[in-house]
Amino acid sequence: MSHSDVALGGHHVPVMEPSPFAVPAKKLAMWLFIISDIMTFAACLVAYGFLRNSTPNWPKPFQSSTIVSVMLMTFIMITSSLIMVLAVRAAKVGDRAGAFRYSMITLAAGLIFAVLHIREWFGMIAQGVTFYKNPWGTGLFGGAYFSVTGIELLHVIAALIALLIVSLGYKSGRYSAGDIENCGLFWQFINIVWMFVVPLVYLMNVAG
Amino acid sequence: MTTTEASGGLSKYLAVYVAMLVITLIEVVIAYRHPSGARLLVSMLLLAAIGAVLGVLYFMGLASENHRSIVAFSVFTLFVLATINYGWTDSFRILFGAPFSK
């Protein structure tokens, strides 16, 4: 008789309770992480909205060239989300090569997105926008802009690193389809956050 | 996403993909019409929320999870998002003075 059997009074009862919501533990953890991350982004966006609403001379600096670039970034992000769905589907049916291929396409799309994002930043910095000042209006604009878009970019970079590691691990058999699915959940979440960042940060501040 | 669903068709994902692109285009059109601040904010939030719901339900696969998961995750998240918005009224106070003072 093992120590655990003694502790349980000799009865053979399950030591672990079944997973709540019938969701695997790692997937449940990812959902809970995403919910907590929603709070982070919601707090940032509400703080941004607070500042924009309460500041009369809030700048509207985004020219058409910036909006075109942001639309291209959005197209890349939404397309990468669809491709990540394909990666998860391939992983679910045990197609390791297909899942790896789609994951790498998602990774490439994410890298292009990140490069375009950094290019936008350099464009803003070249116009004189910093955390504390800008040429157009309240100095709060730069801080709000770089904070909201920066936390998005940070998530994109983190997701790309995770996707690279998990995809390589999945291809070699170290990681399971569930791990690809969890990476996919995080990538989809970042896409959804971007769908709020674009209208609230960029489109509400179109120069006109 | 369940295993049964994984072997199914792609049409619903393509529909969500197209819907998300269309939503983004509508947002751009609205932004260039320069409506008033409140109308612009409400339109943008509404469209973004529709895109987000589609993304969560289909790209993230919440629609194919069991019913209890959908209810638990949705209620918790919506509650957090609702309560975090309490600060908006204070931003009006900064602009117009103490709320409800007139």
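Residues numbered from 1 in each chain as written. Chains lettered and ligands numbered in written order. Predicted model: local features only at pLDDT ≥ 70, side-chain atom pairs only at ≥ 80, totals over all residues.

## Considerations on the overall build of chain B
From N to C terminus, chain B includes 5 helices and 0 strands. N-terminal to C-terminal, the α/β element order of chain B is α-α-α-α-α. When burial is assessed residue by residue, chain B has 22% of its 102 residues classed as buried. (Helix = DSSP H or I, 4+ residues; strand = E, 2+ residues; numbered from the N terminus. Buried ≥ 20, exposed ≤ 12 C-beta atoms within 10 Å, placed from the backbone.)

## Observations concerning the overall build of chain A
The helix and strand inventory of chain A stands at 6 helices and 0 strands. From first element to last, N terminus to C terminus, chain A shows the α and β order α-α-α-α-α-α. Residue burial in chain A is summarised as follows: out of 208 residues, 38% are buried.

## Quick notes on the nonpolar core
Soluble globular proteins: nonpolar side chains tend toward being buried together. Of all hydrophobic cores here, the largest spans 68 residues; its most connected members are A87, I180 and F186 of chain A. The set of elements that each furnish at least two residues to this core consists of α2 (25–54), α3 (64–92), α4 (96–126), α5 (140–172) and α6 (177–202) of chain A together with α2 (11–32) and α3 (37–59) of chain B. In terms of residues, this core owes the most to one element, α6 of chain A, which gives 18 residues. Those residues in contact with F186 of chain A that lie beyond four places of it in its chain are M30, I34, A159 and A162 of chain A. (Core = buried A, V, L, I, M, F, W, Y, C linked by C-beta atoms within 7 Å. Contact = placed C-beta atoms within 7 Å.)

## Focus: the confidence of the model for chain B
Residues and elements named next belong to chain B. Overall, the prediction assigns chain B a mean pLDDT of 80, with 75% of residues at 70 or greater. Across chain B, element-level confidence peaks in α2 with a mean pLDDT of 96 and bottoms out in helix α1 (residues 3–6) with 48. Among the prediction metrics, the complex's ipTM stands at 0.86, with pTM recorded as 0.85. (pLDDT = per-residue confidence, 0-100.)

## A few points about the interface of chain A and chain B
Taken residue by residue, the interface counts 39 residues in chain A and 42 residues in chain B. Those elements giving two or more residues to the side of chain A that touches chain B turn out to be α2, α3 and α6 of chain A. No other element matches the 11 residues that α3 of chain A contributes to the side of chain A that touches chain B. The residue inventory of the side of chain A that touches chain B, partitioned by class, reads 29 nonpolar, 7 polar and 3 charged. (Nonpolar A, V, L, I, M, F, W, Y, C, P; charged D, E, K, R; others polar.)

## Concerning unusual backbone geometry
With a phi angle near 50°, H34 of chain B is a residue other than glycine that sits in the positive phi range. For H34 of chain B, the location among the structural elements is in the loop between α2 and α3.

## What about the environment of A108 of chain A?
Residues and elements named next belong to chain A. Note that A108 resides in helix α4. On the neighbour-count criterion, A108 (14 C-beta atoms within 10 Å) is partly exposed. Spatially, the C-alpha atom of A108 lies 9.9 Å from that of I76, the residues being 32 residues apart in sequence.

## Comments concerning α3 of chain A
Relative to the 42 Å expected for 29 residues at 1.5 Å per residue, α3 of chain A spans 42 Å between its end C-alpha atoms, a close match to the ideal helical length. A positive backbone phi angle near 80° is found at G94 of chain A, which sits one or two residues after α3 of chain A. (Expected span 1.5 Å × (residues − 1).)

## What to know about the packing of α2 of chain A against helix α4 (residues 67–83) of chain B
Contact geometry of α2 of chain A with α4 of chain B gives a least axis separation of 10 Å together with a crossing angle of 15°. In terms of orientation, α2 of chain A and α4 of chain B fall into the roughly parallel class. Of the two elements, α2 of chain A crosses α4 of chain B, and the hand of that crossing is right-handed. Where α2 of chain A abuts α4 of chain B, its residues W31, I35, I38, M39 and A42 of chain A lie against F73, F76, T77, V80 and L81 of chain B. (Axes fitted to C-alpha atoms, helices over the stretch in contact; angles between N-to-C directions. Parallel < 35°, antiparallel > 145°, perpendicular 65-115°, else oblique. Left-handed = near helix turned anticlockwise from the far one by under 90°.)

## Focus on the packing of α6 of chain A against α3 of chain B
Running from N to C, α6 of chain A and α3 of chain B point in directions that differ by 170°, and their axes come no closer than 9 Å. With respect to α3 of chain B, the axis of α6 of chain A lies roughly antiparallel. For the pair α6 of chain A and α3 of chain B, contact is made by Q188, N191, I192, M195, F196, P199 and L200 of chain A and by M44, L47, A48, G51, A52, G55, V56 and F59 of chain B, respectively. When grouped by side-chain class, the residues that make up the contact of α6 of chain A with α3 of chain B number 11 nonpolar, 4 polar and no charged.

## Some thoughts on the environment of L10 of chain B
All names here are of chain B. If you trace the backbone, L10 turns up in the loop between α1 and α2. Here L10 falls in the exposed class, since 12 other C-beta atoms lie within 10 Å of it. For L10 and F79, which are 69 residues apart along the polypeptide, the C-alpha to C-alpha distance reads 33 Å.

## Let's talk about the environment of M20 of chain B
With respect to the helices and strands, M20 of chain B occurs in helix α2. Distance from M20 of chain B to E65 of chain B, taken between C-alpha atoms, is 22 Å for residues 45 residues apart in sequence. Contact partners of M20 of chain B, with chain neighbours within four places excluded, come to I78 of chain A together with G51, L54 and G55 of chain B.

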